[in-house]
Amino acid sequence: MTRRNFVRAASFSTAAVLVLVGLAWQGQAQAVAYRRLLTTGYQHSFTELTDQMEGLDTALQKGQYASSPTLLAALCAEVYSRAAAAQVALGELPYSNVELGETAAFLSKTGDYAYSLARQSVSGGPDEEERATLEQLAATSKELSQRLDVLREQLNDHAFTLETVLEAEKRLAAHEHGAAPAGSAFEAMEKEFPELPVLLYDGPFSEHLTGRAPKFLEGKPQISQEEAKEKAGAFLDRAPSLFTISSVGSGALPTYSLSLETEEESVWLEVSQQGGAPVTLLISRHFGVPQVSRENALTIARNFLLERNFQDMQETYTLTQGGSFTVNFAPVQNGVLCYPDLIKVTVALDTGEVTGFEASGYLTHHTERTLPSPVLSQEEARAALVPSLTVLAHQLALIPTAGEYEVLCHEFKCEAPDGSHILVYVNAQTGAEEKILLLLEDENGTLVL
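Reading the values: rules and limits
Residues numbered from 1 in each chain as written. Predicted model: local features only at pLDDT ≥ 70, side-chain atom pairs only at ≥ 80, totals over all residues. Heavy atoms only, no water. Helix = DSSP H or I, 4+ residues; strand = E, 2+ residues; numbered from the N terminus. Buried < 20%, exposed > 50% of the residue type's maximum accessible area, 1.4 Å probe, protein only. Contact = heavy atoms within 4.5 Å. 1 Å grid on protein atoms, 1.4 Å probe; cavity = no way out; pocket = protein on both sides within 12 Å on 5 of 7 lines; lining within 4 Å. Points joined across faces, edges and corners; volume = space filled by probe spheres on them. Nonpolar A, V, L, I, M, F, W, Y, C, P; charged D, E, K, R; others polar. Polar contact = N/O pair within 3.5 Å; in protein donor to acceptor, adjacent residues only side chain to side chain. Axes fitted to C-alpha atoms, helices over the stretch in contact; angles between N-to-C directions. Parallel < 35°, antiparallel > 145°, perpendicular 65-115°, else oblique. Left-handed = near helix turned anticlockwise from the far one by under 90°. Patch = residues over 30% accessible without salt bridge, like charges linked within 9 Å, V, L, I, M, F, W, Y side chains within 5 Å. Areas by Shrake-Rupley, 256 points an atom, 1.4 Å probe, with all protein chains shown as cover. Salt bridge = Lys/Arg side-chain N within 4 Å of Asp/Glu carboxyl O. Pairing = 2+ DSSP bridges. Expected span 1.5 Å × (residues − 1). Core = buried A, V, L, I, M, F, W, Y, C linked by side-chain atoms within 4.5 Å.

Peer 1: What should I look at first to understand the overall build of the protein in this one?
Peer 2: When helices and strands are tallied, the protein shows 10 helices and 14 strands. By the burial criterion, 41% of the 449 residues in the protein qualify as buried. Look at the contacts in the protein between residues 6 or more apart in sequence, and 58% of them connect residues 24 or more apart.

Here it is as structure tokens:
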């Protein structure tokens, strides 16, 4: 190699090394910057969590002494808002192995309970039982807030960093020993979490919903797996021997899951272990060109229910999608449409075959009810509507509340000034507006929001 070529090669090698060093330095700098940004984000989320918990604690402390309905509603609204914000901050912290389930559950339950109190505060302040519940929630909130303050002080004193939790998770994932102080602190907080009070209110976390048995199945006997096949065969007009038990479910509505496979379709059906009632049906297959009108599909769905002894069912809303037609039915008792007892039926528009069925709401809620007589007439209830709405239709309806209680309402289908349609539900006993639903209607059917 000539001297000139040697110098040229050395120069290129040096330049390449410098480029690689520069790239490595740049990559390291970017990693450090990213890590700093990540840590700053975690610290911001943790600070937001502690701030919101302090505000939640303060609002709960005040709420237990409020006697004015207006002030109570304002404080409950603040509790709901701060609980929601705390949940968001909690979700942004880097804890996948360090579970914060108790803290998250407390925030969810407290926020929902406060929202329920805010709604009913228009009729007066809290009673003694509700005031006692607020006191217990305030005590729990105060203790949790104090523990978070201690962790924040340790964080500010650099006793640990939230970043170390990620390192601990990596070690745990690699089956190494050792946990970060932050993880240990949070785990200890979870293990020592105070016992929450029993919540009895109109909401999804109320104690009255725990272990609630399906009303329609009360008193019915348990069936065997062979009997479940018989029920499936009778429901779908198929030979029972064609079905296979694929799984056995538990929970509030224990079921047998049955399957049937052919070259053309895959059938999946759930049958309740108590009573052998059909719960859910799904038939998967290729849908051809639609040949069945929606009117005929509605008739097919209605007859399907009648042939299986579902009586006095009235269609509510329909939707056409993906070559199939789905219709919601609700039973009518003494002229009252019972929305908690909904059943969905889906019909394929190429052959008219029923390919879907869903009756969990019906099995959970349906019973022969003792319905109250409306205190308010249709005209008296109509006075609760804003003047800009034009009433198109009216009927009495039973609607579920957030806690799965039921309330008798006047249902008004109305037209808004912009031509859209909405449903307004007015309590038939008190005249209070219970619920407003928006109807999105097009050529394919109706969506209810």
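Peer 1: Please explain the layout of surface pockets as it appears in this structure.
Peer 2: Using a probe with the size of a water molecule, rolled over the atoms, empty space left in the structure can be pinpointed. In this model, the second largest pocket occupies a volume close to 480 Å³. Lining the second largest pocket are 27 residues, with F216, R308, N309, F310 and Y362 positioned closest to its centre. Put simply, the parts of the chain that give the lining of the second largest pocket at least two residues each are helix 7 (225-236), strand 3 (265-272), strand 6 (324-333) and helix 9 (360-365). By residue class, the composition of the lining of the second largest pocket is 14 nonpolar, seven polar and six charged.

Peer 1: Quick question: what am I supposed to make of the side chain of H366 here?
Peer 2: Summarising the element assignment, H366 is placed in the loop between helix 9 and helix 10 (378-382). A polar contact is formed between the side chain of H366 and the side chain of D341, at a distance of 2.8 Å. Excluding residues that lie within four positions of it along the chain, H366 makes contacts with K215, F216, P331, D341 and G361.

Peer 1: What's the story with the side chain of T346 in this structure? I'm lost.
Peer 2: Mapped onto the secondary structure, T346 falls in strand 8 (residues 343-348). Given the relative accessible area of 16%, T346 is considered buried. Excluding residues that lie within four positions of it along the chain, T346 makes contacts with S324, F325, T326, E353, V354, T355 and G356.

Peer 1: In this structure, what is going on with the environment of Q273? I would like to understand it.
Peer 2: Looking at where Q273 falls in the secondary structure, it is placed in the loop between strand 3 and strand 4 (278-285). Sequence-distant contacts of Q273, defined by excluding residues within four places in its chain, comprise P221, Q222, I223, V248, G249, P254, T255 and Y256.

Peer 1: I tried to follow the packing of helix 2 (residues 69-91) against helix 3 (residues 101-120) on my own but got confused; where do I start?
Peer 2: Each pair of packed helices can be described by the angle between their axes along with the distance between the axes. Axis separation between helix 2 and helix 3 bottoms out at 8 Å; the angle between their running directions is 155 degrees. If you check the angle between helix 2 and helix 3, you find them roughly antiparallel. For the element pair helix 2 and helix 3, the recorded crossing hand is left-handed. Residues A73, C76, V79, Y80, A83, A86, Q87 and L90 of helix 2 form the contact with helix 3, whose participating residues are T103, A104, L107, S108, T110, G111, A114, Y115, L117 and A118.

Peer 1: Please clarify how a nonpolar patch on the surface should be interpreted in this entry.
Peer 2: Side chains of I436, L438, L440, L447 and L449 sit close together on the surface and give an oily, nonpolar patch of about 460 Å² of accessible area. A total of three residues in the nonpolar patch trace back to one element, the largest contributor, which is strand 13 (residues 433-442). Mapped onto the fold, L447 is located in strand 14 (residues 445-448).

Peer 1: How should the pairing of strand 13 be read in this particular structure?
Peer 2: Side-chain direction in a regular strand flips from residue to residue, so the side chains alternate between the two faces of the sheet. Both strand 12 (residues 421-427) and strand 13 contribute to a ladder of six bridges, which runs antiparallel. Looking at the pairing, V424 lines up with I436 of strand 13. Linkage of strand 12 to strand 13, two consecutive antiparallel strands, is achieved through a turn of five residues, within which G431 is found at a positive phi near 85 degrees. As defined by bridge partners, strand 13 adjoins strand 14 across four bridges and the pair is classed as antiparallel. Along strand 14, the bridge assignment pairs E441 with T446. Hairpin geometry of strand 13 and strand 14 is characterised by an intervening segment of two residues between the two adjacent antiparallel strands.

Peer 1: In this structure, what is going on with helix 2? I would like to understand it.
Peer 2: Along an α-helix, residues three or four apart share an orientation, since each turn contains 3.6 residues. With 23 residues, helix 2 ought to run about 33 Å at 1.5 Å a step, and its terminal C-alpha atoms sit 33 Å apart, in line with that. Of the positions making up helix 2, those classed as buried are L72, L75, C76, V79, A83, A86, A89 and L90.

Peer 1: Would you mind showing me how to read empty space enclosed by the protein here?
Peer 2: Tallied over the entire structure, the rule returns one cavity of 30 Å³ or more. In this structure, the largest cavity encloses a volume near 40 Å³. What lines the largest cavity is A59, L60, G63, L72, L75, C76, V79, A114 and L134. Looking at the lining of the largest cavity, the elements with two or more residues in it are helix 1 (3-63) and helix 2. Ranked by residue count, the leading element in the lining of the largest cavity is helix 2, at four residues.

Peer 1: Teacher, can you tell me more about unusual backbone geometry here?
Peer 2: Peptide bonds are trans in most cases, and residues, glycine excluded, mostly fall at negative phi. Even without glycine at this site, D237 takes up a positive phi of about 55 degrees. By the secondary structure assignment, D237 is in the loop between helix 7 and strand 1 (244-248). Positive phi is not limited to glycine here, since N334 has a value of about 50 degrees. Its location among the elements puts N334 in the loop between strand 6 and strand 7 (336-338).

Peer 1: Help me understand helix 3, please; the structure alone is not making it clear to me.
Peer 2: In a regular helix each residue adds 1.5 Å, so 20 residues correspond to 28 Å; helix 3 covers 29 Å between its end C-alpha atoms and thus fits that length. By the burial criterion, the buried members of helix 3 are T103, F106, L107, T110, G111, D112, Y113, A114, S116, L117 and A118.

Peer 1: How should I be thinking about the nonpolar core in this particular structure?
Peer 2: Within soluble globular proteins, side chains that are nonpolar tend to cluster in buried spots. Of all hydrophobic cores here, the largest spans 39 residues; its most connected members are L281, L305, F329, I343, V345 and F357. When neighbours within four sequence positions are excluded, V345 is seen to be in contact with A301, F304, L305, F325, T326, V327, F329, V354, G356 and F357. Grouped together as the second largest cluster of nonpolar side chains are 29 residues, L72, A114, L134 and L144 included.

Peer 1: Looking at this structure, how should I read the pattern of salt bridges?
Peer 2: Once their charged atoms are close, side chains differing in charge can pair, the charge on each being opposite to the other. Under the definition given, this model contains 14 salt bridges. For R302, the salt bridge identified is with E315, shortest N-O distance 3.1 Å. Of this pair, R302 sits in helix 8 (residues 294-307) while E315 sits in strand 5 (residues 313-321), and the two are 13 residues apart along the sequence. A relative accessible area of 29% places E315 in the partly exposed class. One salt bridge connects R308 with E307, and the closest N-O pair in it is separated by 3.4 Å.

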